[in-house]
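Structural description and commentary
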Amino acid sequence: MLSVRGLEQAYGGSQTLRKIDLDVPAGSCTALLGRNGVGKTTLLRCLMGELPLRAGSVVLDGEDVTRLPSYRRARLGMGYVPQGREIFSRLTVAENLAVGESAANGEAAPREELEQLFPILRTMRNRRGGDLSGGQQQQLAIARALISRPRLLLLDEPTEGIQPSTIKEIGRVLKSLLERRITIVLVEQYLDFALELAEQCAVISRGEIVLRGRIAELDPAQVRRHLAL
Ligand SMILES: Nc1ncnc2c1ncn2[C@@H]1O[C@H](COP(=O)(O)OP(=O)(O)OP(=O)(O)O)[C@@H](O)[C@H]1O
Ligand SMILES: [Mg+2]
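Residues numbered from 1 in each chain as written. Chains lettered and ligands numbered in written order. Predicted model: local features only at pLDDT ≥ 70, side-chain atom pairs only at ≥ 80, totals over all residues.

1. Digging into unusual backbone geometry
Note the cut-off: Each helix is a run of H or I in the DSSP string that is no shorter than four residues. Each strand is a run of E no shorter than two, and both are numbered from the N terminus. Each residue is classed by its C-beta neighbour count within 10 Å, where at least 20 other C-beta atoms makes it buried, 12 or fewer makes it exposed, and intermediate counts make it partly exposed; the C-beta atoms are placed from backbone geometry.
Of note in the backbone geometry, Lys-19 takes a positive phi value of approximately 45° without being a glycine. Secondary-structure assignment places Lys-19 in strand β2 (residues 14–24). Classification of Lys-19 by C-beta neighbours within 10 Å gives partly exposed; the count is 13. If you check the backbone angles, Arg-149 has positive phi at about 50° while not being a glycine.

2. Quick notes on the packing of helix α6 (residues 134–146) against helix α7 (residues 164–179)
To keep it simple, the criterion reads: Axis definition: a line fitted to C-alpha atoms, limited for helices to the stretch in contact. Angles are taken between N-to-C directions and run from 0 to 180 degrees. Any angle between 65 and 115 degrees counts as roughly perpendicular, while under 35 counts as roughly parallel, over 145 as roughly antiparallel, and the rest as oblique. Each crossing is labelled by how the near helix is turned from the far one, with a counterclockwise turn of less than a right angle marking it left-handed and a clockwise turn marking it right-handed. Residue pairs are scored as contacts if the distance between their C-beta atoms, which are placed from the backbone, is within 7 Å.
Closest axis-to-axis distance for the α6/α7 pair is 10 Å, and the angle between their directions is 15°. For the element pair α6 / α7, the angle class is roughly parallel. Seen from above, α6 lies across α7 with right-handed handedness. Along the contact surface, α6 presents Gly-135, Gln-138, Gln-139 and Ile-142, while α7 presents Thr-166, Ile-170 and Val-173.

3. Structural notes on the site of ligand 1
Applied cut-off: In this analysis, residues qualify as near a molecule or strand once their C-beta atom, positioned from backbone atoms, comes within 6 Å of it. Note that Gly is not counted as nonpolar here; it falls among the polar residues with everything else outside the nonpolar set of Ala, Val, Leu, Ile, Met, Phe, Trp, Tyr, Cys and Pro and the charged set of Asp, Glu, Lys and Arg.
Close contacts around ligand 1 come from Tyr-11, Thr-16, Gly-34, Asn-36, Gly-37, Val-38, Gly-39, Lys-40, Thr-41, Thr-42 and Gln-83, and that covers them all. Ranked by residues supplied to the shell around ligand 1, first place goes to helix α1 (residues 40–48) with 3 residues. In terms of residue class, the shell around ligand 1 is built from 2 nonpolar, 8 polar and 1 charged.

4. A look at the nonpolar core
The cut-off we apply is this: Nonpolar cores are identified as sets of buried Ala, Val, Leu, Ile, Met, Phe, Trp, Tyr and Cys residues joined via C-beta atoms within 7 Å.
Counting 61 residues, the largest nonpolar core has Ala-31, Leu-32, Ala-143, Leu-154, Ile-184, Leu-186 and Ala-194 as the members making the most contacts within it. No other element matches α6, which puts 6 residues into this core. If near-sequence neighbours (up to four positions away) are discounted, Ala-143 is found in contact with Leu-97, Leu-114, Leu-117, Phe-118 and Leu-121.

5. Focus on the sheet that holds strand β9 (residues 200–205)
Basically, it comes down to this: By definition, two strands form a pair when at least two bridges between them are found by DSSP.
With mixed pairing, the 6 strands of this open sheet are ordered in space as β6-β7-β8-β3-β9-β10. Strand pairing shows two members of the sheet lacking a second neighbour, β6 (78–81) and β10 (208–214), which therefore form its edges. For this sheet, the mean inter-axis angle between neighbouring strands, taken without regard to orientation, is 15°. Looking at chain direction, strand β3 (residues 29–33) and strand β8 (residues 183–188) are connected through 5 bridges and run parallel. Counted as the bridge partner of Ala-31 is Leu-186 from β8. Here α6 sits on the sheet in contact with β6 and β7 (152–156), set at roughly 165° to β6. Packed on one face of the sheet, helix α9 (residues 220–227) meets β3, β9 and β10 and runs near 160° to β10.

6. Quick word on the packing of helix α3 (residues 93–101) against α6
Contact pair α3 / α6: the axes reach a minimum separation of 7 Å and the direction vectors enclose 35°. As α3 runs across α6, the sense of the crossing is right-handed. Note on element contacts: α6 touches α3 through Leu-140, Ala-143, Arg-144 and Ala-145, opposite Val-93, Asn-96, Leu-97, Val-99 and Gly-100. Of the residues assigned to the contact of α3 with α6, the class counts are 6 nonpolar, 2 polar and 1 charged.

7. Quick word on the sheet that holds β2
Read across the sheet, 4 strands follow the order β2-β1-β4-β5 without closing on themselves; strand pairing throughout is antiparallel. Of all strands in the sheet, those with a lone pairing partner are β2 and β5 (63–64), marking the two edges. The pairing of strand β1 (residues 2–11) with strand β4 (residues 55–60) spans 5 bridges and is classified as antiparallel. Within β4, the position partnered with Ser-3 by the bridge is Val-59. Running at roughly 65° to β2, α1 makes contact with β1, β2 and β4 of the sheet.

Geometry only, nothing functional implied.
Here it is as C-alpha coordinates:
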(Lines give C-alpha, C1' and ligand atoms only; values in the text may rest on other atoms or scores of the structure.)
(Ligands and ions follow the chains in the order given, each with its own letter.)
Protein backbone atom coordinates (compact mmCIF):
# COMPACT_ATOMS: atom_id res chain seq x y z
CA MET A 1 0.00 0.00 0.00
CA LEU A 2 2.70 2.46 1.07
CA SER A 3 6.31 2.04 0.16
CA VAL A 4 9.07 4.28 1.50
CA ARG A 5 12.64 4.10 0.21
CA GLY A 6 15.77 5.85 1.41
CA LEU A 7 13.88 8.61 3.17
CA GLU A 8 16.09 11.29 4.72
CA GLN A 9 14.90 14.40 6.51
CA ALA A 10 16.66 17.29 8.22
CA TYR A 11 15.50 20.34 10.13
CA GLY A 12 18.05 22.84 8.84
CA GLY A 13 21.47 21.34 9.51
CA SER A 14 20.32 18.68 11.93
CA GLN A 15 19.46 15.37 10.31
CA THR A 16 16.40 13.72 11.87
CA LEU A 17 15.66 10.68 9.69
CA ARG A 18 18.20 8.46 7.97
CA LYS A 19 17.76 5.79 5.29
CA ILE A 20 14.19 4.94 6.23
CA ASP A 21 12.82 2.01 4.22
CA LEU A 22 9.29 1.00 5.14
CA ASP A 23 6.61 -1.15 3.54
CA VAL A 24 3.07 -0.83 4.82
CA PRO A 25 0.89 -3.75 3.66
CA ALA A 26 -2.72 -3.01 2.78
CA GLY A 27 -5.52 -3.73 5.23
CA SER A 28 -3.41 -4.13 8.34
CA CYS A 29 -1.86 -2.00 11.04
CA THR A 30 1.83 -1.15 11.08
CA ALA A 31 3.13 0.26 14.36
CA LEU A 32 5.99 2.75 14.49
CA LEU A 33 7.54 2.63 17.93
CA GLY A 34 10.33 4.53 19.62
CA ARG A 35 11.23 6.76 22.53
CA ASN A 36 10.60 10.49 22.74
CA GLY A 37 12.35 12.56 20.12
CA VAL A 38 13.54 9.76 17.82
CA GLY A 39 11.65 11.11 14.79
CA LYS A 40 8.27 9.36 14.75
CA THR A 41 6.18 12.49 14.22
CA THR A 42 8.69 13.80 11.70
CA LEU A 43 8.32 10.57 9.73
CA LEU A 44 4.50 10.77 9.68
CA ARG A 45 4.67 14.40 8.57
CA CYS A 46 7.05 13.38 5.76
CA LEU A 47 4.64 10.61 4.70
CA MET A 48 1.76 13.11 4.68
CA GLY A 49 3.75 15.69 2.72
CA GLU A 50 3.94 18.29 5.46
CA LEU A 51 7.74 18.30 5.48
CA PRO A 52 10.14 18.25 2.52
CA LEU A 53 12.49 15.28 2.17
CA ARG A 54 16.23 15.60 1.73
CA ALA A 55 16.21 12.30 -0.18
CA GLY A 56 14.10 9.26 -0.83
CA SER A 57 10.66 8.42 -2.12
CA VAL A 58 7.13 7.74 -0.93
CA VAL A 59 4.92 5.59 -3.17
CA LEU A 60 1.21 5.10 -2.48
CA ASP A 61 -0.37 2.15 -4.31
CA GLY A 62 2.19 2.40 -7.08
CA GLU A 63 1.86 6.16 -7.44
CA ASP A 64 4.90 8.27 -6.57
CA VAL A 65 3.59 10.96 -4.20
CA THR A 66 7.00 12.20 -3.04
CA ARG A 67 6.51 15.66 -4.49
CA LEU A 68 2.78 16.01 -3.91
CA PRO A 69 1.49 18.51 -1.33
CA SER A 70 -0.50 17.09 1.57
CA TYR A 71 -3.93 18.08 0.24
CA ARG A 72 -3.25 16.02 -2.90
CA ARG A 73 -2.19 13.05 -0.77
CA ALA A 74 -5.41 13.46 1.21
CA ARG A 75 -7.40 13.28 -2.02
CA LEU A 76 -5.53 10.10 -2.94
CA GLY A 77 -6.81 8.51 0.25
CA MET A 78 -4.40 9.41 3.02
CA GLY A 79 -5.84 10.57 6.35
CA TYR A 80 -3.80 12.06 9.19
CA VAL A 81 -4.50 12.36 12.91
CA PRO A 82 -1.73 14.57 14.28
CA GLN A 83 -0.07 14.28 17.67
CA GLY A 84 -1.84 16.55 20.15
CA ARG A 85 -5.01 16.29 18.00
CA GLU A 86 -4.96 19.87 16.68
CA ILE A 87 -8.67 20.41 17.11
CA PHE A 88 -9.89 23.91 16.23
CA SER A 89 -10.88 24.94 19.74
CA ARG A 90 -13.16 27.85 18.76
CA LEU A 91 -15.05 25.82 16.15
CA THR A 92 -17.84 23.46 17.13
CA VAL A 93 -17.60 19.70 16.78
CA ALA A 94 -19.75 19.89 13.63
CA GLU A 95 -17.52 22.63 12.19
CA ASN A 96 -14.36 20.66 12.94
CA LEU A 97 -15.85 17.76 10.98
CA ALA A 98 -16.69 20.12 8.12
CA VAL A 99 -12.99 20.99 7.87
CA GLY A 100 -12.27 17.28 7.38
CA GLU A 101 -14.98 17.06 4.73
CA SER A 102 -13.17 19.61 2.61
CA ALA A 103 -10.30 17.11 2.16
CA ALA A 104 -12.62 14.51 0.63
CA ASN A 105 -12.26 13.44 -2.96
CA GLY A 106 -15.83 12.72 -3.96
CA GLU A 107 -18.37 11.84 -1.36
CA ALA A 108 -17.60 12.37 2.33
CA ALA A 109 -18.76 9.86 4.93
CA PRO A 110 -22.19 10.72 6.37
CA ARG A 111 -22.09 12.33 9.81
CA GLU A 112 -24.32 9.53 11.18
CA GLU A 113 -21.67 6.96 10.28
CA LEU A 114 -19.07 8.83 12.33
CA GLU A 115 -21.48 9.45 15.18
CA GLN A 116 -22.14 5.74 15.28
CA LEU A 117 -18.41 5.09 15.67
CA PHE A 118 -18.10 7.83 18.30
CA PRO A 119 -21.52 8.48 19.93
CA ILE A 120 -20.04 11.30 22.03
CA LEU A 121 -19.74 13.41 18.88
CA ARG A 122 -23.52 13.33 18.47
CA THR A 123 -24.06 14.48 22.05
CA MET A 124 -21.45 17.22 21.69
CA ARG A 125 -22.29 18.29 18.13
CA ASN A 126 -22.74 21.98 18.91
CA ARG A 127 -20.08 22.31 21.58
CA ARG A 128 -16.80 24.04 20.89
CA GLY A 129 -13.78 21.84 20.29
CA GLY A 130 -11.95 23.56 23.13
CA ASP A 131 -14.64 22.52 25.61
CA LEU A 132 -14.13 18.81 24.94
CA SER A 133 -11.94 16.59 27.12
CA GLY A 134 -8.70 15.25 25.69
CA GLY A 135 -10.29 11.88 24.94
CA GLN A 136 -13.29 13.49 23.24
CA GLN A 137 -10.96 15.67 21.18
CA GLN A 138 -9.02 12.58 20.13
CA GLN A 139 -12.22 10.91 18.97
CA LEU A 140 -13.12 14.08 17.07
CA ALA A 141 -9.66 14.18 15.47
CA ILE A 142 -10.05 10.57 14.28
CA ALA A 143 -13.57 11.27 12.98
CA ARG A 144 -12.33 14.41 11.20
CA ALA A 145 -9.75 12.25 9.39
CA LEU A 146 -12.26 9.47 8.62
CA ILE A 147 -14.86 11.79 7.11
CA SER A 148 -12.88 11.95 3.85
CA ARG A 149 -12.98 8.13 3.68
CA PRO A 150 -9.20 7.51 3.70
CA ARG A 151 -7.80 4.16 2.59
CA LEU A 152 -4.71 4.80 4.68
CA LEU A 153 -4.88 6.38 8.14
CA LEU A 154 -1.78 7.80 9.86
CA LEU A 155 -2.25 8.11 13.64
CA ASP A 156 0.24 9.85 15.90
CA GLU A 157 0.01 8.67 19.53
CA PRO A 158 -3.79 8.52 19.78
CA THR A 159 -3.60 7.26 23.39
CA GLU A 160 -1.34 10.04 24.67
CA GLY A 161 -2.79 11.60 27.83
CA ILE A 162 -6.12 9.79 27.51
CA GLN A 163 -7.99 7.84 30.15
CA PRO A 164 -8.21 4.02 29.92
CA SER A 165 -11.93 3.75 29.09
CA THR A 166 -11.55 6.10 26.10
CA ILE A 167 -8.39 4.27 24.99
CA LYS A 168 -10.45 1.06 24.90
CA GLU A 169 -13.12 2.77 22.83
CA ILE A 170 -10.53 4.10 20.38
CA GLY A 171 -9.00 0.61 20.17
CA ARG A 172 -12.39 -0.86 19.29
CA VAL A 173 -12.92 1.71 16.55
CA LEU A 174 -9.48 1.11 15.06
CA LYS A 175 -10.19 -2.64 15.01
CA SER A 176 -13.45 -2.02 13.18
CA LEU A 177 -11.54 0.05 10.60
CA LEU A 178 -9.11 -2.82 10.05
CA GLU A 179 -12.08 -5.16 9.55
CA ARG A 180 -13.15 -2.76 6.79
CA ARG A 181 -9.65 -3.14 5.27
CA ILE A 182 -8.53 0.40 6.04
CA THR A 183 -4.75 0.46 6.38
CA ILE A 184 -3.31 2.02 9.54
CA VAL A 185 0.10 3.40 10.43
CA LEU A 186 0.12 3.82 14.19
CA VAL A 187 2.78 5.76 16.08
CA GLU A 188 2.61 4.71 19.72
CA GLN A 189 4.52 4.67 22.97
CA TYR A 190 1.82 2.61 24.68
CA LEU A 191 3.28 -0.70 23.60
CA ASP A 192 0.45 -3.04 24.65
CA PHE A 193 -2.09 -0.97 22.71
CA ALA A 194 0.11 -1.05 19.61
CA LEU A 195 0.85 -4.77 19.85
CA GLU A 196 -2.83 -5.58 20.10
CA LEU A 197 -3.69 -3.77 16.86
CA ALA A 198 -0.59 -4.12 14.73
CA GLU A 199 0.50 -6.98 12.52
CA GLN A 200 3.96 -5.57 11.92
CA CYS A 201 6.10 -2.99 13.59
CA ALA A 202 9.21 -0.92 13.13
CA VAL A 203 11.21 0.48 16.03
CA ILE A 204 12.94 3.80 15.41
CA SER A 205 15.97 4.95 17.31
CA ARG A 206 17.72 8.25 16.57
CA GLY A 207 16.12 8.55 13.16
CA GLU A 208 16.82 5.02 11.98
CA ILE A 209 14.79 1.82 11.96
CA VAL A 210 16.67 -0.52 14.30
CA LEU A 211 14.20 -3.40 14.54
CA ARG A 212 11.31 -4.49 12.36
CA GLY A 213 9.17 -7.47 11.65
CA ARG A 214 5.86 -9.18 12.07
CA ILE A 215 4.64 -8.88 15.65
CA ALA A 216 3.92 -12.62 15.80
CA GLU A 217 7.55 -13.33 14.98
CA LEU A 218 9.16 -10.70 17.18
CA ASP A 219 10.17 -11.19 20.78
CA PRO A 220 8.16 -8.58 22.75
CA ALA A 221 10.99 -8.45 25.30
CA GLN A 222 13.37 -7.37 22.56
CA VAL A 223 10.96 -4.65 21.44
CA ARG A 224 10.60 -3.50 25.05
CA ARG A 225 14.38 -3.32 25.44
CA HIS A 226 14.57 -0.91 22.51
CA LEU A 227 11.95 1.29 24.11
CA ALA A 228 13.28 1.20 27.66
CA LEU A 229 15.26 4.22 28.82
N1 LIG B 1 9.97 21.86 13.65
C2 LIG B 1 11.13 21.41 14.12
N3 LIG B 1 12.28 22.11 13.95
C4 LIG B 1 13.47 21.64 14.43
N5 LIG B 1 13.62 20.47 15.05
C6 LIG B 1 12.53 19.72 15.24
C7 LIG B 1 11.22 20.15 14.79
N8 LIG B 1 10.32 19.22 15.13
C9 LIG B 1 11.01 18.24 15.75
N10 LIG B 1 12.33 18.54 15.82
C11 LIG B 1 13.39 17.69 16.41
O12 LIG B 1 13.47 16.50 15.64
C13 LIG B 1 13.66 15.35 16.48
C14 LIG B 1 12.52 14.37 16.24
O15 LIG B 1 11.29 14.94 16.69
P16 LIG B 1 9.89 14.20 16.54
O17 LIG B 1 8.86 15.16 17.01
O18 LIG B 1 9.78 13.67 15.18
O19 LIG B 1 10.07 13.01 17.57
P20 LIG B 1 8.99 11.98 18.12
O21 LIG B 1 9.61 10.62 17.99
O22 LIG B 1 7.69 12.19 17.49
O23 LIG B 1 8.93 12.37 19.69
P24 LIG B 1 7.69 12.25 20.71
O25 LIG B 1 7.60 10.81 21.10
O26 LIG B 1 8.13 13.09 21.87
O27 LIG B 1 6.47 12.78 20.04
C28 LIG B 1 13.73 15.89 17.90
O29 LIG B 1 15.08 16.03 18.24
C30 LIG B 1 13.06 17.22 17.81
O31 LIG B 1 13.57 18.11 18.78
MG1 LIG C 1 5.88 12.71 18.20
